[in-house]
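# Coordinate inspection notes
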Amino acid sequence: MSIWEYANPVKFMRVSGAALPWLAIAAAVCTLGGIAWGFLTPEDYKQGSTVKIVFLHVPAAMMAINIWVMMLIASLIWLIRRHHVSALAAKAAAPVGAVMTLIALATGAIWGQPMWGTWWEWDPRLTSFLILLLFYIGYIALWSAIEDPDSAADLTGVLCLVGSVFALLSRYAVLFWNQGLHQGASLSVAPGERMSEVYRYPLYVSMLGFLLLFLVLVLVRTRTEIRRRRLAALQAREMRA
Amino acid sequence: MSLLAVHDLAVARGGIRAVEGVSFTLDAGEALILRGPNGIGKTTLLRCVAGLQLAVDGRIEMAEDSVAYAAHADGLKAALTVTENLRFWAQIFGGGNVEQALTAMDLTALADRPAAALSAGQKRRLGLARLMVTGRPLWVLDEPTVSLDAASVERFAALVRAHLAGGGAALMATHIDLGLGEARVLDLTPYRARPGRPPGRPAGFNEAFA
Amino acid sequence: MSLLAVHDLAVARGGIRAVEGVSFTLDAGEALILRGPNGIGKTTLLRCVAGLQLAVDGRIEMAEDSVAYAAHADGLKAALTVTENLRFWAQIFGGGNVEQALTAMDLTALADRPAAALSAGQKRRLGLARLMVTGRPLWVLDEPTVSLDAASVERFAALVRAHLAGGGAALMATHIDLGLGEARVLDLTPYRARPGRPPGRPAGFNEAFA
Amino acid sequence: MIALLKRDLALATRAGGGFGLAVAFFLILCALVPFGVGPETSALRPIAPGILWVGALLSCLLSLDRIFALDHEDGSLDLLATAPIPLEAVTALKALAHWITTGLPLVVAAPVFGILLHLPGQATGWLIVSLLIGTPALSMLGAFGAAITVGLRRGGLLLSLLVLPLYIPTLIFGTEIIRRGAEGGDPTTPILFLAGITAGVMALVPFAAAAALRVNLR
Amino acid sequence: MIALLKRDLALATRAGGGFGLAVAFFLILCALVPFGVGPETSALRPIAPGILWVGALLSCLLSLDRIFALDHEDGSLDLLATAPIPLEAVTALKALAHWITTGLPLVVAAPVFGILLHLPGQATGWLIVSLLIGTPALSMLGAFGAAITVGLRRGGLLLSLLVLPLYIPTLIFGTEIIRRGAEGGDPTTPILFLAGITAGVMALVPFAAAAALRVNLR
Amino acid sequence: MIDLGKYAGTVLAAYGVSLLLLAGIVWQSWAANARARRELEKYEKNG
Ligand code: HEM
Ligand SMILES: Nc1ncnc2c1ncn2[C@@H]1O[C@H](COP(=O)(O)OP(=O)(O)OP(=O)(O)O)[C@@H](O)[C@H]1O
Ligand SMILES: Nc1ncnc2c1ncn2[C@@H]1O[C@H](COP(=O)(O)OP(=O)(O)OP(=O)(O)O)[C@@H](O)[C@H]1O
Ligand SMILES: [Mg+2]
Ligand SMILES: [Mg+2]
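Please read all numbers here as calculations on a predicted model, not as lab measurements.

## Quick look at the overall build of chain D
- When helices and strands are counted, chain D shows nine helices and zero strands.
- In chain D, the succession of α and β elements from N to C terminus is α-α-α-α-α-α-α-α-α.
- Along the first, second and third principal axes, the C-alpha atoms of chain D reach 55 × 35 × 30 Å.
- Within chain D, buried positions represent 63% of all 218 residues.

Structural data, given as structure tokens:
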């Protein structure tokens, strides 16, 4: 059986419906467990208790990027193979990605206040995230503006493609822009290898939790979209008859 | 030689099939009139033939670049004069005699008027004159005589006859009588798509999830 | 008692008079149908009566706030449901029973659908239901049966008859048969405005400088 | 009357209503300016109030053409004109609905976006005050511009051109409030002027807008 | 092909075509900013390149919705799609026409408006260079956004929202050219980047835009 | 209760904001799904 079969709405509904309860439990356990564990870790000698923010910040930042990549893949599948469910999955993922980006931005900003003495700095990495948020907003806005679902799926797919290229391009432009000003004085975050095991394991759990949470949310939201489409389809057919 | 051959065509609008199983051929010198109640899918079928949308099923056989399409919107620019409008389309389609088209549709007197100052019927005549300058053999016309008065309808019929006599063909959708007695008529009512999930690829979201 | 009296009316569109010298009265319980070729000025006259534009000449006598106007555009919001659309207009015009209007136009089953999901004919029915909730005695209708199928046209005729029986009146412009045999018909063709500078105030720039 | 307001709010928040687009545009503008003028706090801080105000103005501007045009296209405006509500009230209500769906969110969002531009903390309060007093005038003047251009196809750019000059006094007093307030000065005078402008606009412009609408309807 | 370009230019310069509106909008924007940030030279000079670029960007933006929408409404787009010109060429030509009627006038006007913002003299040349290289990309990306939103009524705000993020790299390199040039540095690198972006956009975006148009036509 | 030191406000704010946002998207997803299911079932029942 090929993976493409799951793009059949009926099969998708059946399989996702069966998997969802277990996934939801796992997601809840890992997310809440990871966050709580992180909250209980000891203070860092340098960053104090603010190190606890990493257990929200890093998973969210990671997911923010990964979700966009997933949307890109789903859009490509739709544009090339015309699997309707994958178009709806891309639509379903976008708000989740936007929220993840917001969490990364918000926790980063809150963290920056004690660490850097400012809420916001036009550091390349932060700036790239702001730009990513803009792309999410545009994508979501386009989906909600177009009434005809077939056109909406195609047009948002094209936008996702072009947007991905420009998101990448913007990242390089931003690197050029800010380093062109103060050479090398970038506010880079702590390198990973300095992180001790006390922090590493809760971080892994939390990252897994965010990933599972994303999966659950995408499945639920895709199911919502499928139901809405089905209702609209039945009504349209009745109207035509 | 047939200018257009349609085999077992199914077309969809709004993600749902409108008509299916439509087949016909159109030879040089022939005219075919599509009829059917509102919403059966005449416009959709014509747009498929014109290449503006894809057929869901079936085949359309014809030479490339042989279609001239005309619908309710005439593609006229209000700020340009009658001649300018016509010359533009002549250049885009590569050829076509503008003067001759103006004469045929009795627009010579209005040649230097901006299109904004034309009445609805005059605009429509200009839209039909555009067909002549495309130099294309197959005319695909969607309700071509909307808002024309009786004299202009006759003039239109004469125009189509001349086109047919010159080896062209015409495919038209209309609700009213065009005064083209020799044209074949195809009523689309029996081809209305059956509801229910059809086999094969769904036409769009609405069919995929119905 | 006459609901509407029009005396020697002249109306203008695009700065030029369309019809002039039109007079008629409309009593409670009466319907009047305006006829005439395209572009004669039916729509313009109706908009004058509805108070949307000023007459160039002549008088229109009627009680204030007695007109309900309905034209091609139904004033429906695609994003609102059928009930929401209707309730809005009922509230704006102060009163009117929404349920009853829904029932009369056979829209109860569709009450919770967004207007976007209605077919053209259903939209038209909703537009007519709007007339009922205005509670106004004089209906001014511009081509009310466009895109209605035969059954809906009959339903519309019944609606108008009920309105007339209830002491209302209707002024309609149409090209087709509405199935209202009892209605008077006024052909506007003889009232086409004579070209040339009319006496009195010019209707607009185009006339002032002609 | 309330029904009209409620409908406009409902339409704005339903799918396709464009609620939130103005705020998103505002965010983009605030993000673009640093790309243009450079990321240094010293460059951004002094211009932050001005940029925020100009940004709010432009965001307001771009949503104006919806005020009447959609109602014009679907015939609602004809029907509203024959309804027993004066057209002046209709314009005022529609401007109010525009303010609630556009101006108010901008006021709420401005302090957050101020962070991006390193707006000094003590200026934030004055930013909110000035926007709160000033934006109603923006919506009402915008409704006037929208009423004038309602009959034009794709008249968005012309609308901007007509309306922006009308916004200048509001902009001047609005930023003056923030500047004085942030410097610890007394912003009472510009506040009074701004409130005066807004009050005057609310009282008089509906009549002009209704007149323009009547011309466009016939 | 030439006929299409000529027609679009003729339409833009006839009555109602909106030629010059973008420059007027640009002027108003440049005039508004000093009201917002204060009139001092010291305040305006450092931000002048950025403001001019952002202003040019926004002026370009507001005229975008005309690129395809008018042709869509009157049916010309259907006819162009059936004409023996590939739709990719149509989008590229329309973007070119937009650039000639909007981008080029902005390039010409920018140095003049730079005076309003106290742009330093040695920066003017670089301003022109950067705009000349960058604005074609703005028009082409704008045509892409216009193609995506052509079916929407009153999609102007959404169009801006989609297009502005795509403008970011152009904006960054454009202002970087001026900053480096004015400081006497070597602007070759940003010039090369900007030219590269423009070239890439011109080569690839017409295909995306034509694909979007095809979706909207069916 | 664990001691967060001088950064208590910072840490709590970060956790608060994040959990709020997460709860928001979870709730919205769930509510929308429930609503879609209800409407579809209602339609399918009414024929
Ligand atoms: C709004 C602001 C911020 C944003 C958008 C942001 C974004 C990011 C991103 C994208 C990552 C990389 C995640 C990955 O690739 O795994 C990251 C990691 C990290 N950030 Fe931030 N950040 C922000 C502010 C801050 C601040 C203020 C601090 C603390 C001083 C901080 C500390 C960290 C740390 C410690 C990591 C983990 C690095 C690693 O081990 O990979 N961030 N952030
Ligand atoms: N934008 C749309 N979205 C969804 N359905 C549509 C859309 N446009 C048309 N339809 C539907 O598609 C079907 C076919 O429409 P089409 O315009 O081809 O009919 P037609 O035969 O040309 O009708 P007419 O005689 O009124 O011109 C109709 O049932 C119509 O309701
Ligand atoms: N916007 C306009 N500018 C100039 N002239 C116009 C305009 N709209 C209509 N006209 C002209 O005004 C005259 C009256 O038009 P009106 O719409 O009242 O006609 P009508 O009798 O309703 O026609 P129909 O039967 O087609 O509905 C027509 O000659 C028409 O060409
Ligand atoms: Mg049709
Ligand atoms: Mg009429």
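## Some words on the overall build of chain F
- Helices and strands together make up the secondary structure of chain F, namely one helix and zero strands.
- The buried share of chain F, reckoned over its 47 residues, is 34%.
- As displayed, chain F offers around 3,100 Å² of accessible surface, 63% of which is attributable to carbon and sulfur atoms.

## Examining the nonpolar core
- Membership of the largest hydrophobic core comes to 383 residues, with the highest contact counts inside it found for C:Leu171, D:Phe25, D:Tyr167, E:Phe25, E:Leu58, E:Phe144 and E:Tyr167.
- In this structure D:Tyr167 touches D:Leu57, D:Cys60, D:Leu61, D:Leu64, D:Leu138, D:Leu141 and D:Gly142, once residues within four positions along its chain are discounted.

## Let's talk about the interface of chain E and chain D
- On the side of chain D, 39 residues touch chain E, which itself brings 39 residues to the contact.
- Both sides of the chain E and chain D interface together cover about 3,800 Å² of buried area, and 74% of this is carbon and sulfur.
- Of all residues in chain E, E:Leu32, E:Arg154 and E:Leu157 bury the most surface against chain D, accounting for 21% of the area lost on that side.
- On inspection of chain E and its partner chain D, the count reaches zero salt bridges.
- The element that contributes the greatest number of residues to the side of chain E that touches chain D is helix α8 (residues 156–182) of chain E, accounting for 11 residues.
- Tallied by class, residues from the side of chain E that touches chain D come to 27 nonpolar, six polar and six charged.

## Looking at the sheet that holds strand β6 (residues 138–142) of chain C
All names here are of chain C.
- In space, the five strands of this open sheet follow the order β5-β6-β7-β3-β8, with parallel pairing throughout. Edge positions in the sheet fall to β5 (67–70) and β8 (184–187), since each has one partner strand and no second. Here the average twist between neighbouring strands, direction ignored, is 15°.
- Where strand β3 (residues 31–35) meets strand β7 (residues 169–173), four bridges bridge the pair, whose relative direction is parallel. Note that in β7 the partner of Leu-34 across the bridge is Ala-173.
- Contacts from helix α1 (residues 42–49) reach β3, β5, β6 and β7 within the one sheet, and its direction differs from that of β6 by about 155°.
- Against the sheet, helix α4 (residues 120–134) makes contact with β5 and β6, and its axis sits at roughly 170° relative to β5, the strand it touches most.

## Remarks on the coordination of the iron atom of ligand 1
- For the iron atom of ligand 1, the protein supplies a single donor, A:His57 (NE2), at a distance of 2.0 Å.
- Among the structural elements, A:His57 can be located in helix α2 (residues 54–81).

## Some points on the side chain of E:Thr198
- Here E:Thr198 is to be found in helix α9 (residues 188–217).
- For E:Thr198, the contacting residues outside a window of four places in its chain are E:Ile133, E:Gly134, E:Pro136 and E:Ala137.

## Quick notes on the environment of B:Ala165
- With respect to the element layout, B:Ala165 can be found in helix α5 (residues 150–165).
- Distance in space between the C-alpha atoms of B:Ala165 and B:Glu30 is 8.9 Å, their sequence separation being 135 residues.

## Notes on the UniProt feature "transmembrane region" (unreviewed entry) in chain D
Residues and elements named next belong to chain D.
- Under the present numbering, the feature "transmembrane region" (unreviewed entry) in UniProt falls on residues 12–35, 47–64, 96–119, 125–150, 157–178 and 190–213.
- End C-alpha to end C-alpha, residues 12–35 measures 32 Å, and it is 71% helix and 0% strand.
- Taken as a whole, residues 157–178 contains 100% helix and 0% strand, while its terminal C-alpha atoms sit 29 Å from one another.

## A look at the arrangement of the chains
- The top pair by number of contacts, from a total of 10 pairs of chains in contact, is chains D and E.
- Separated throughout, chain B and chain D approach each other most closely at a C-alpha pair spaced 12 Å apart.

## Describing the relation of the copies chain E and chain D
- You can overlay chain E on chain D at an RMSD of 0.1 Å; the transform is a turn of 180° with a shift of 0.1 Å along its axis. With respect to symmetry, the two chain copies, as superposed, fit the operation of a two-fold axis.
- Counting the interface residues of chain E, we find that 97% of their copies in chain D are interface residues as well, pointing to one common contact surface.

## Points about the site of ligand 2
- Around ligand 2, 12 residues are found, and the nearest of them are B:Asn38, B:Lys42, B:Thr43, B:Thr44 and B:His175.
- One finds residues of chains A and B in close proximity to ligand 2.
- In this structure, B:Thr44 approaches ligand 2 through a side-chain N or O atom, which is 2.5 Å from an oxygen atom.
- Burial of ligand 2 by the surrounding chains reaches 65%, relative to a free accessible area of 640 Å².
- Sorting elements by how many residues they give to the shell around ligand 2 places helix α1 (residues 42–49) of chain B first, with three residues.
- Across the shell around ligand 2, the residue classes break down as one nonpolar, seven polar and four charged.

## Points about helix α6 (residues 87–116) of chain E
Residue and element names in this part refer to chain E.
- Helix length check: α6, at 30 residues, gives a terminal C-alpha distance of 42 Å against a target of 44 Å (1.5 Å per residue), a fit within 8%.
- Maximal helix bending in α6 amounts to about 40°, located at Trp-99.
- Most of α6 sits out of view: 22 of its 30 residues are buried.
- After α6 finishes, the residue His-118 shows a positive phi value of roughly 55°.

## A closer look at the pattern of salt bridges
- The final tally for this structure, using the stated rule, is 39 salt bridges over all chains.
- What emerges from the salt-bridge pattern is a single network uniting B:Lys77, E:Arg7, E:Asp8, E:Asp71, E:Asp74 and E:Lys94.

## Side note on helix α4 (residues 120–134) of chain B
- Between the first and last C-alpha of α4(B) there are 22 Å, a value that for 15 residues agrees with the 21 Å anticipated at 1.5 Å per step.
- When you tally the buried positions in α4(B), you get 11 out of 15 residues, the bulk of the element.
- When α4(B) is considered as a whole, its buried residues turn out to be B:Gly121, B:Arg124, B:Arg125, B:Leu126, B:Gly127, B:Leu128, B:Ala129, B:Arg130, B:Leu131, B:Val133 and B:Thr134.
- If you follow the buried residues of α4(B), they end up packed against β5 (67–70), α2 (82–92), α3 (98–104), β6 (138–142) and α5 of chain B together with α5 (76–82) of chain E.

## Quick word on the sheet that holds β6(B)
Residues and elements named next belong to chain B.
- The strand order β5-β6-β7-β3-β8 describes an open sheet built from five strands, whose pairing is parallel. In this open sheet, the two edge strands, each paired with only one partner strand, are β5 and β8 (184–187). Adjacent strand axes in the sheet meet at a mean angle of 15° when their direction is disregarded.
- Along the sheet, α4 makes contact with β5 and β6, crossing β5 at roughly 175°.
- Along the sheet, α5 contacts β3 (31–35), β6 and β7 (169–173); its crossing angle with β7, the most-contacted strand, is approximately 140°.

## Considering the packing of helix α6 (residues 87–116) of chain D against helix α7 (residues 121–148) of chain D
Residues and elements named next belong to chain D.
- Two numbers describe how α6 lies on α7: the axes approach to 8 Å, and their chain directions differ by 155°. Between α6 and α7, the crossing angle belongs to the class labelled roughly antiparallel. For the pair α6 and α7, the sense of crossing is right-handed. Where α6 approaches α7, its residues Thr-91, Ala-92, Ala-95, His-98, Trp-99, Gly-103, Leu-104, Leu-106, Val-107, Ala-110 and Pro-111 are matched on the opposing element by Thr-124, Leu-127, Ile-128, Leu-131, Leu-132, Thr-135, Pro-136, Ser-139, Met-140 and Ala-143.
- Here the contact of α6 with α7 is built from residues that sort into 15 nonpolar, six polar and no charged.

## A closer look at the interface of chain B and chain A
- Every contact between the two is made by 16 residues of chain B and, on the other side, 17 residues of chain A.
- A buried area of about 1,500 Å², summed over both sides, lies between chain B and chain A, and 66% of it is on carbon and sulfur atoms.
- The tally of links from chain B across to chain A stands at zero salt bridges.
- The interface formed by chain B and chain A contains one residue pair in polar contact (both at pLDDT 80 or more).
- When its residues are assigned to classes, the side of chain B that touches chain A shows eight nonpolar, four polar and four charged.

Definitions and cut-offs
- Every chain is numbered independently, its residues counted from 1 as its sequence is written.
- Labels follow written order: the first chain is A, the first ligand is 1, and so on.
- This being a predicted model, a pLDDT of at least 70 is required before a residue's local features are given, and a value of 80 or more before pairs of side-chain atoms are given or counted; all residues contribute to the totals for chains, interfaces and linings.
- Hydrogens and water molecules were not included; the side-chain quantities draw on all heavy atoms of the structure.
- Secondary structure follows DSSP: runs of H or I at least 4 residues long count as helices, runs of E at least 2 residues long count as strands, and numbering of each begins at the N terminus.
- Only protein chains enter the calculation, and the probe is 1.4 Å; a residue is then buried if its accessible area is under 20% of its type maximum, exposed if over 50%, and partly exposed in between.
- Note on areas: Shrake-Rupley, 1.4 Å probe, and residue coverage restricted to the protein chains presented here.
- Grouping buried Ala, Val, Leu, Ile, Met, Phe, Trp, Tyr and Cys residues that are joined through side-chain atoms within 4.5 Å yields what is termed a nonpolar core.
- A contact between two residues is defined here by any heavy atoms of the two lying within 4.5 Å.
- Values labelled buried area give the accessible surface lost by two parts on being combined, using a 1.4 Å probe and summing over both.
- Salt bridges are defined by distance alone: a side-chain nitrogen of Lys or Arg within 4 Å of a carboxyl oxygen of Asp or Glu.
- Residue type decides the class: Asp, Glu, Lys and Arg count as charged, Ala, Val, Leu, Ile, Met, Phe, Trp, Tyr, Cys and Pro as nonpolar, and the leftover types, Gly among them, as polar.
- Two strands are counted as paired when DSSP detects at least two bridges linking them.
- Geometry is summarised by axes, namely lines fitted to C-alpha atoms with helices restricted to the contacting stretch, and by angles between N-to-C directions that run from 0 to 180 degrees.
- Any N, O or S atom lying within 2.8 Å of the metal counts as a donor, with the limit raised to 3.2 Å for Na, K and Ca; because water is left out of the atom set, some sites can appear incomplete.
- UniProt positions are given in the numbering used here, feature names are shortened, and annotations may be inferred rather than shown by experiment.
- For the least-squares superposition of copies, only C-alpha atoms count, and only for residues with pLDDT at least 70 in both.
- By convention in these notes, a residue is near a molecule or strand provided one of its non-hydrogen atoms lies within 4 Å of it.
- Here a polar contact is taken to be a pair of N or O atoms separated by no more than 3.5 Å, where protein atoms must pair a possible hydrogen donor with a possible acceptor and residues adjacent in sequence count only if both atoms sit in side chains.
- Take the residue count of a helix, subtract one, and multiply by 1.5 Å to get its expected span.
- Two axes enter the bend calculation: one fitted to the seven residues ending at the residue in question, the other to the seven starting there, and the bend is the angle between them.
- The scheme is simple: roughly parallel for angles under 35 degrees, roughly antiparallel for over 145, roughly perpendicular for 65 to 115, oblique for anything else.
- Whether a crossing is left-handed or right-handed is set by the direction in which the near helix is turned from the far one by less than a right angle, anticlockwise for left-handed and clockwise for right-handed.

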